[in-house]
2 protein chains.
Amino acid sequence: MSEPTPRPSRTQQRIETQERILSAAGRLFAALGYDRTTIRAVAAAAQVDAGLVMHYFGSKEQLFAQATKTETPLVTGETPEEVAEQLLGILRQSLIEEPIASLAALRSMLTHPDAAAEVGNAHAERVKVSKAIPGVDGNLRAAVVSAILIGVVLGRHLVKLDELADADPDEIVELLRPAVLSLTKADRPE
Amino acid sequence: MSEPTPRPSRTQQRIETQERILSAAGRLFAALGYDRTTIRAVAAAAQVDAGLVMHYFGSKEQLFAQATKTETPLVTGETPEEVAEQLLGILRQSLIEEPIASLAALRSMLTHPDAAAEVGNAHAERVKVSKAIPGVDGNLRAAVVSAILIGVVLGRHLVKLDELADADPDEIVELLRPAVLSLTKADRPE
DNA sequence: TCCTTCATTCAACGGATGTAGAACGGTTCA
DNA sequence: TGAACCGTTCTACATCCGTTGAATGAAGGA
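Residues numbered from 1 in each chain as written. Chains lettered and ligands numbered in written order. Predicted model: local features only at pLDDT ≥ 70, side-chain atom pairs only at ≥ 80, totals over all residues. Heavy atoms only, no water.

Let's shift gears to the interface of chain B and chain A. Contact residues are listed per partner, giving 41 residues for chain B and 41 residues for chain A. Summing the contributions of chain B and of chain A, the shared interface buries around 3,500 Å²; its carbon and sulfur component is 73%. In terms of surface lost to chain A, no three residues of chain B exceed B:Arg36, B:Leu110 and B:Leu175, which account for 21% of the buried area on that side. Our count for the chain B to chain A interface comes out at 2 salt bridges. Ionic pairing is found between B:Asp35 and A:Arg36, a salt bridge with its closest N-O pair at 2.7 Å. Those elements giving two or more residues to the side of chain B that touches chain A turn out to be α1 (9–36), α6 (100–108), α7 (113–127), α8 (138–158), α9 (162–166) and α10 (169–184) of chain B. The dominant element in the side of chain B that touches chain A, judged by the number of residues it contributes, is α8(B), at 11 residues. (Contact = heavy atoms within 4.5 Å. Buried area = accessible area lost by both parts, 1.4 Å probe. Salt bridge = Lys/Arg side-chain N within 4 Å of Asp/Glu carboxyl O. Helix = DSSP H or I, 4+ residues; strand = E, 2+ residues; numbered from the N terminus.)

Pasting the structure below:
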């Protein structure tokens, strides 16, 4: 599959370089977090000079913003059971692969305000499902589920807690199904 | 309540200063994490020169180690129900107060190896309860519970996810009881 | 009182980092 | 072919950090 309009080699080259930088930045941010990731290190990993990174992305903050940009999957379920299954599906996907951009934001959320905001937004997006979670405490229930998902993904990919890191993703999902269901289903009157 | 043996004022003064430094360090590490906490900032918060911090604690690493030192509460329950209640009790306590030393370690666990090790140990301690959790997957179940607790405490005190930060601790505990119980009780044959 | 001890401060070094701007060299196009 | 363009590198600056070692001055003991 080739480019429809084969761009002049200069533009082409530039785009490839930018992607190489962005990819290296994502990997480093995910592995080390915002503070310990150096522009020089990103440049080296992308086999490029540090000045070029600045030239393309303006600042470290903007580079981070681009590298962690990701669209949050929507949860559209209408019943508690549907919502639970969708959330478990998102979790499963996050356990199987290593979502670099998300991991970069997660890794930095405790020490970099922008990253915390990013994670907070994804969280808020997930909390919106509370419309489908009955009970006066729908918001809180949704938030607890969200915190659980964050904790499990964190434990598996970033802190690498032994048992979680090695376990079969499906097994983890199965274990969490009752827990998530107990939270999406209200046990108190509306 | 006065000192049993009123120490000479010099020693007394030194101990008070050390405690002041340690307290300031704990607060700053918990608020900013390891990297963003500066020895100079700790010194300023303790109204002391930076050199003195080095003189007493040797290095930033050692200061962090002292400031995050904490004994993990033991879980001794023998039945799944007992274990669940004890874990929920620990969670409840961590939601009500702000355990500075633990929060300092948690805040830094994603970016500082030593902090990750510290949290990993507390986690491992909690996983030991898997002897009381039936099923071939006892270890994994215990690890999942541990990850859940971390996620919730993190969300409340550090990331400050709106709904979690404001909620009544007891309400959160009540919401999590079925979830935790579903994990400490096996639903598969041994 | 004099000397020692020691809690504390001061000044400085070496290294790393984000960032800015000049310089270079190949590509593109008239 | 020559000039403008631009992707890229080089050099440098200002700042901040952990850490060190000498200096200071008050307290304690003989």
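A word on the UniProt feature "DNA-binding region" (unreviewed entry) in chain A. The feature "DNA-binding region" (unreviewed entry), as given by UniProt, occupies residues 38–57 of chain A in the numbering adopted here. Annotation note: span residues 38–57 of chain A, helix share 75%, strand share 0%, distance between end C-alpha atoms 14 Å. (UniProt positions renumbered as here; feature names shortened; annotations may be inferred.)

For the rest of this paragraph, the subject is the protein's contact with DNA strand C. What surrounds DNA strand C is a group of 20 residues, the closest being A:Arg10, A:Arg40, B:Thr17, B:Asp49 and B:Tyr56. Taken together, the sugar and phosphate atoms account for 65% of what DNA strand C places within 4 Å of the protein. The separation between a phosphate oxygen of DNA strand C and a polar main-chain atom of A:Lys60 is 2.9 Å. Within the backbone of B:Asp49, a nitrogen or oxygen atom sits 2.8 Å from a phosphate oxygen of DNA strand C. At the level of secondary structure, the elements contributing two or more residues to the surface near DNA strand C comprise α1 (9–36) and α2 (39–45) of chain A together with α1 and α3 (50–57) of chain B. For the surface near DNA strand C, the class distribution of residues is 5 nonpolar, 8 polar and 7 charged. (Near = heavy atom within 4 Å. Polar contact = N/O pair within 3.5 Å; in protein donor to acceptor, adjacent residues only side chain to side chain. Nonpolar A, V, L, I, M, F, W, Y, C, P; charged D, E, K, R; others polar.)

Further remarks concern the pattern of salt bridges. All names here are of chain A. This model, assessed by the stated rule, comprises 12 salt bridges over all chains. For Arg 92, the salt bridge goes to Asp 170, with nearest N and O atoms at 2.4 Å. Of this pair, Arg 92 sits in helix α5 (residues 80–96) while Asp 170 sits in helix α10 (residues 169–184); the two residues are 78 residues apart in sequence, bridging distant segments of the chain. According to the relative accessible area criterion, Arg 92 is partly exposed, its value standing at 33%. Residue Arg 141 is joined to Asp 137 by a salt bridge in which the shortest nitrogen-to-oxygen separation is 3.0 Å. Residue Arg 141 is classed as buried on the basis of its relative accessible area, which comes to 0%. A relative accessible area of 6% means that Asp 137 is categorised as buried. Salt bridges sharing common partners tie together Glu 85, Glu 174 and Arg 177. (Buried < 20%, exposed > 50% of the residue type's maximum accessible area, 1.4 Å probe, protein only.)

Below, the discussion takes up unusual backbone geometry. All names here are of chain A. With phi around 55 degrees, Lys 160 is a residue other than glycine that occupies positive phi space. With respect to the helices, strands and loops of the structure, Lys 160 is situated in the loop between α8 (138–158) and α9 (162–166). Accessibility expressed as a relative area gives 46% for Lys 160, which makes it partly exposed.

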